[in-house]
Amino acid sequence: MGKVAEGMAAKLKAAFAPSELNVIDETNQHHGHAAWKESGETHFKVEITAAAFAGKSRVERQRLVYAALADDLNAGVHALALVVKAPGEA
């Protein structure tokens, strides 16, 4: 896991205490796309499960994650795909 991914994971752990968390660098799948960099760490997928998301809509959950990662999104992370769940959700 690269430096950006590690930082994102640390912020998400601090904000949500997730029971499951995967921060996946998908930059290599976007070669030649907007904001792609050979150095990587511009396109990510986050899969997170946390009790903090229980009772919230999909949009509310995504907004919480975007807020937690705002600094990263403003500093070079170009794309962020999200899978945000509460415990017990498939």
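Residues numbered from 1 in each chain as written. Predicted model: local features only at pLDDT ≥ 70, side-chain atom pairs only at ≥ 80, totals over all residues. Heavy atoms only, no water.

Novice: Tell me what's going on with the confidence of the model for the chain, and back it up with residues and numbers.
Specialist: Per-residue pLDDT for the chain has a mean of 90; in total, 87% of the residues score no lower than 70. No element of the chain has a lower mean pLDDT than helix α3 (residues 70–74), at 94, and none a higher one than helix α2 (residues 58–68), at 98. (pLDDT = per-residue confidence, 0-100. Helix = DSSP H or I, 4+ residues; strand = E, 2+ residues; numbered from the N terminus.)

Novice: Requested: an account of the packing of aromatic side chains, with residues and values cited.
Specialist: In the structure shown here, the tally under the stated rule is one aromatic pair. An angle of 40° between the planes, with centres 4.9 Å apart, marks the rings of F16 and F53 as tilted. Remark: F53 occurs in the loop between β2 (43–49) and α2 and F16 occurs in helix α1 (residues 3–16); sequence separation between them is 37 residues. For the pair F16 and F53, a shared accessibility class is recorded, and that class is buried. (Phe/Tyr/Trp six-rings, centres within 6.5 Å; stacked < 30°, edge-to-face > 60°. Buried < 20%, exposed > 50% of the residue type's maximum accessible area, 1.4 Å probe, protein only.)

Novice: Can you lay out the pairing of strand β3 (residues 79–85) for me, pointing to particular residues and giving the numbers?
Specialist: Only one face of β3 is buried, namely the one carrying L80, L82 and V84, since none of A79, A81, V83 and K85 on the opposite face is buried. Relative to β3, β2 runs parallel, the two sharing seven bridges. Each bridged residue has a counterpart across the sheet, and for K45 the counterpart in β3 is A81. (Pairing = 2+ DSSP bridges.)

Novice: I'd love a proper account of the pairing of β2, names of residues and values included.
Specialist: Burial within β2 is extensive, with five of its seven residues counted as buried. The pairing of strand β1 (residues 20–25) with β2 spans six bridges and is classified as antiparallel. Bridged to D25 within β2 is F44.

Novice: Give a description of the nonpolar core that names residues and reports values.
Specialist: Counting residues in each nonpolar core, the largest one holds 17 residues, and the members touching the most others are M8, L12, V23, V46, I48 and V65. The set of elements that each furnish at least two residues to this core consists of α1, β2 and β3. Looking at this core, the element that brings in the most residues is α1, giving five residues. (Core = buried A, V, L, I, M, F, W, Y, C linked by side-chain atoms within 4.5 Å.)

Novice: I'd like to hear about the packing of α1 against α2, residue by residue, with values.
Specialist: Packing of α1 against α2 brings their axes to within 9 Å, and their N-to-C directions diverge by 125°. One finds that α1 runs oblique with respect to α2. Read as a crossing pair, α1 and α2 show a hand that is right-handed. Contacts between α1 and α2 involve K11, L12, A15 and F16 on the former and, on the latter, L64, V65 and A68. In the contact of α1 with α2, the residues fall into six nonpolar, no polar and one charged. (Axes fitted to C-alpha atoms, helices over the stretch in contact; angles between N-to-C directions. Parallel < 35°, antiparallel > 145°, perpendicular 65-115°, else oblique. Left-handed = near helix turned anticlockwise from the far one by under 90°. Contact = heavy atoms within 4.5 Å. Nonpolar A, V, L, I, M, F, W, Y, C, P; charged D, E, K, R; others polar.)

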